[in-house]
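So the chains spell out like this:
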Amino acid sequence: MKTGLSAAVVICMALISGKTYAQKQYSLLVRVPDTYSTEQVKSAGPLWDKLIEKWKADGVYVLSFAFPGESYTVTGNEKSLKKETVLSDNLKVVSNIVLRADSMEQALALAKACPVLLYGGKVEVREIPKPVKPIE
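Residues numbered from 1 in each chain as written. Predicted model: local features only at pLDDT ≥ 70, side-chain atom pairs only at ≥ 80, totals over all residues. Heavy atoms only, no water.

Caption draft 1: Examining the packing of aromatic side chains more closely. Overall, the coordinates contain two aromatic pairs when judged by the stated rule. When the centroid spacing of 6.0 Å and the interplanar angle of 65° are considered together, the rings of Tyr36 and Tyr119 count as edge-to-face. Within this pair, whereas Tyr36 is found in the loop between β1 (24-33) and α2 (38-58), its partner Tyr119 is found in the loop between α3 (104-111) and β6 (122-128), the two being separated by 83 residues in sequence. The burial state of Tyr36 is the same as that of Tyr119; both residues are buried. Taking NZ or CZ as reference, Lys56 lies 5.3 Å from the ring centre of Tyr61, over its face. (Phe/Tyr/Trp six-rings, centres within 6.5 Å; stacked < 30°, edge-to-face > 60°. Helix = DSSP H or I, 4+ residues; strand = E, 2+ residues; numbered from the N terminus. Buried < 20%, exposed > 50% of the residue type's maximum accessible area, 1.4 Å probe, protein only. Lys NZ or Arg CZ within 6 Å of the ring centre and 35° of its normal.)

In structure tokens:
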């Protein structure tokens, strides 16, 4: 009986707070132009901070990480190594964000808030088939 009561309390609290806890997770691969400047990074920083706090308050944020530094590629049967950044349409991947959403449409709506879009960036959204758990 206690288990049923606990579940009912959790459901009621979620309804009261307006938060939904979706079962699906989505990866937002954030890309910026190769010309993305230090000034643009500094300008976007506070916007990112505010957005991440909103996502946390809304219960959709899972984790994120940036990787703005050097990159290397390993290629082919020869396993050739090369220090390079892979560009697609002159855009490079600089971070990954994992969010909860009820559907791809909701995940896309969340992606539209990403500050890099103001600077010619792009956000690729993909459903994660097996949800990830953040390290605590």
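Caption draft 2: Here's a closer look at the pairing of strand β4 (residues 80-83). Across four bridges, the pairing between strand β3 (residues 72-75) and β4 is antiparallel. Within the sheet, the bridge partner assigned to Thr75 lies in β4 and is Ser80. Between β3 and the antiparallel strand that follows it, β4, lie four residues; Gly76 among them carries a positive phi value of about 65°. (Pairing = 2+ DSSP bridges.)

Caption draft 3: Structural context of the side chain of Asn96. Inspection of the secondary structure assignment puts Asn96 in strand β5 (residues 91-101). Here the side chain of Asn96 touches Ser27 through a polar contact of 2.7 Å, side chain to side chain. Setting aside residues up to four positions removed in sequence, Asn96 forms contacts with Ser27, Leu28, Leu29, Leu63, Ser64, Phe65 and Phe67. (Polar contact = N/O pair within 3.5 Å; in protein donor to acceptor, adjacent residues only side chain to side chain. Contact = heavy atoms within 4.5 Å.)

Caption draft 4: Local environment of the nonpolar core. One finds Leu28, Trp48, Trp55, Leu99 and Val116 to be the most contacted residues of the largest nonpolar core, which totals 24 residues. Of all the secondary structure elements, the ones that give two or more residues to this core are β1, α2, β5, α3 and β6. Top element by residues in this core is α2. It accounts for five residues. Discounting chain neighbours no more than four positions away, the residues touching Leu28 are Trp55, Ser95, Asn96, Ile97, Leu99, Ala111, Cys114, Val123, Glu124 and Val125. (Core = buried A, V, L, I, M, F, W, Y, C linked by side-chain atoms within 4.5 Å.)

Caption draft 5: Main features of the sheet that holds β1. On the basis of which strands lie adjacent, the open sheet formed by four strands has the order β2-β5-β1-β6 and antiparallel pairing. For this open sheet the edge positions go to β2 (61-66) and β6, each flanked by a neighbour on one side alone. Pairwise comparison of adjacent strand axes, ignoring direction, gives a mean angle of 20° for this sheet. Two strands pair when backbone bridges link them, and β1 and β6 are joined in this way by seven bridges, in the antiparallel orientation. Within the sheet, the bridge partner assigned to Tyr26 lies in β6 and is Glu127. Of the strands in this sheet, β1, β2 and β5 are in contact with α2, which crosses β2 at around 155°. (Axes fitted to C-alpha atoms, helices over the stretch in contact; angles between N-to-C directions.)

Don't take any of this as a statement about function, it's just geometry.
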